[in-house]
Amino acid sequence: MGIKALDYETLNENVKKVQYAVRGELYLRASELQKEGKKIIFTNVGNPHALGQKPLTFPRQVVALCQAPFLLDVPNVGLIFPADAIARAKHYLSMTSGGLGAYSDSRGLPGIRKEVAEFIERRDGYPSDPELIFLTDGASKGVMQILNCIIRGQGDGVLVPVPQYPLYSATISLLGGSLVPYYLEETANWGLDVNNLRESVAQARFKGITVRAMVIINPGNPTGQCLSEANLREILNFCYQENLVLLGDEVYQQNIYQDERPFISARKVLMDMGPPISKEVQLVSFHTVSKGYWGECGQRGGYFEMTNIPPQTVDEIYKIASISLSPNVPAQIFMGLMVNPLKPGDISYGQYVRESKGILESLRRRARIMTDGFNSCKNVVCNFTEGAMYSFPQIRLPPKAIEAAKKAGKVPDVFYCLKLLEATGISTVPGSGFGQKEGVFHLRTTILPAEEDMPEIMSSFKKFNDEFMEQYEDNWSHSKM
């Protein structure tokens, strides 16, 4: 027989173009080494529970009761579960048409979308419409749905920050669109310059690309920076002038490790700016239960909220969501619990605050340990992680190391990260997987390993790095920034 439909040669070319470094060559090699018995520290993906973060007690109690509602009929259930968890489980079960095993509306349970809208109003000070909120299987699914509506073909471009989370480059490739990069400035703590945006749009248009959307990741992934209110105003003005829809990836909004730049949503700044901008700029904002002090990655819960999107377009997005019938219902419950948290006076409030505060305070300390650790290493320089879950140090590779990488058929930072993995078991992601300026090399690691393990991990990294630099240096040196 001849070539078949699912033989590699006949696959959709867009599928072959997709690259996703977070689960790429380094991850596959780490998995092989793990099977061979080597201890691997998977810092390649923001997966808190896999690295030892404990789940918050109250949400798990509520969802356990929702998953096994017969427990609510047990006379002594109050001896095992607190009264507020029992009440909340009944509250969410009453919203479903048959418990967690039944499909919900394709946009998510109306009652939970209402709770999301109330959360957004408390956060931003402006009303939110539940009809413009869709619950999704993680924020990633929402991003893919919206990009699918924006990208009509290769001639359509999306402005994406570089370095960027590869969800964007991968999805744009899969949908046959064009990624239009705008570079963040490392020497300005990964700041954003609007002149760079204008230049990127001009270059894209010169190539015949219609730029239709802009992505911001705030706080940044992999760069960890927090956008200031002034920055957000500049971005929204730019989107207004260029007639772009703004996609606000705000999944790390709970993960802030400094007090100078708190998280401010793009939607709040847009509303503060007033007409005509507040009535004209199209904005889609994304959030999730996977990050923050929740870290419930495996539950796959997220939402997106639409601002200034025409009703006909909302109907089309609803139609596309309906193809999948329903977002994951247990994850919708987690989302409800995240956006409608316990309040002072609730029985479980004290424990909830202790657990969540403990996680965030530990992450803040770990961000500092990791930044200081990288900056103590030879030919490594790292900006402080202001937010999110990652460190993104620049690795200044000597010419001999770059030459050795070329001989091995590897990109230089991939070569470095593979050597690091083999020597220490630390699984990272090379900066080339996120995009970076020509001739500059990075790696991304999460700040999620257990706090008590951090000193040993950073010591292991320093030992490897400094020996690697000695091996390839040959009297070459590079001053720090």
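Re helix H13 (residues 311-322)
And step 1. Look at H13: 16 Å from first C-alpha to last across 12 residues, which is about the 16 Å you get at 1.5 Å a residue.
And step 2. Listed as buried for H13 are Val314, Ile317 and Ala321. Each buried residue of H13 lies within a common arc of 60° when the element is viewed along its axis, so the set occupies one face.
And step 3. Looking at the buried side of H13, the elements it contacts are strand E2 (133-136), helix H7 (138-150) and strand E8 (302-307).

Brief notes about the packing of aromatic side chains
And step 1. Within the structure shown, the criterion is met by 15 aromatic pairs.
And step 2. Taken together through their ring pairs, the aromatic side chains of Phe415, Tyr416, Phe464, Phe468 and Tyr472 make up a single cluster.
And step 3. A cation over a ring is seen here: Lys16 above Tyr8, with NZ or CZ 4.3 Å from the ring centre.

Regarding empty space enclosed by the protein
And step 1. Here the structure, examined in full by the defined rule, presents two cavities of 30 Å³ or more.
And step 2. Its boundaries defined by the atoms lining it, the largest cavity holds a volume of some 60 Å³.
And step 3. For the largest cavity, the full set of lining residues is Pro161, Pro163, Tyr182, Leu184, Leu192, Ile216, Ile217, Gly220, Asn221, Thr223, Gln225 and Leu227.
And step 4. Residues of the lining of the largest cavity, tallied by class, amount to eight nonpolar, four polar and no charged.
And step 5. What lines the second largest cavity is simply Thr43, Met370, Phe374, Ile426, Thr428, Thr445, Ile457, Met458 and Phe461.
And step 6. Those elements that provide at least two residues to the lining of the second largest cavity are helix H15 (349-375) and helix H18 (454-473).
And step 7. Residue contributions to the lining of the second largest cavity peak at three residues, all from H18.
And step 8. Grouping the amino acids of the lining of the second largest cavity by side-chain chemistry returns six nonpolar, three polar and no charged.

Overview of unusual backbone geometry
And step 1. The peptide bond linking Asn221 to Pro222 adopts the cis configuration, its omega dihedral lying at 15°.
And step 2. With respect to the helices and strands, the residue Pro222 is situated in the loop between strand E5 (210-217) and helix H10 (229-242).
And step 3. Residue Pro276 is bonded to the preceding Pro275 through a cis peptide linkage, with omega at 0°.
And step 4. Note on placement: Pro276 falls in the loop between helix H11 (266-273) and helix H12 (277-280).
And step 5. The residue Asn243 is not glycine, and still its phi comes out positive at about 60°.
And step 6. Locating Asn243 in the fold gives a position in the loop between H10 and strand E6 (245-249).

Conventions we followed
- Residues numbered from 1 in each chain as written.
- Predicted model: local features only at pLDDT ≥ 70, side-chain atom pairs only at ≥ 80, totals over all residues.
- Heavy atoms only, no water.
- Helix = DSSP H or I, 4+ residues; strand = E, 2+ residues; numbered from the N terminus.
- Expected span 1.5 Å × (residues − 1).
- Buried < 20%, exposed > 50% of the residue type's maximum accessible area, 1.4 Å probe, protein only.
- Arc of directions from axis to C-beta.
- Contact = heavy atoms within 4.5 Å.
- Phe/Tyr/Trp six-rings, centres within 6.5 Å; stacked < 30°, edge-to-face > 60°.
- Lys NZ or Arg CZ within 6 Å of the ring centre and 35° of its normal.
- 1 Å grid on protein atoms, 1.4 Å probe; cavity = no way out; pocket = protein on both sides within 12 Å on 5 of 7 lines; lining within 4 Å.
- Points joined across faces, edges and corners; volume = space filled by probe spheres on them.
- Nonpolar A, V, L, I, M, F, W, Y, C, P; charged D, E, K, R; others polar.

Any functional reading would require information beyond the geometric quantities listed.
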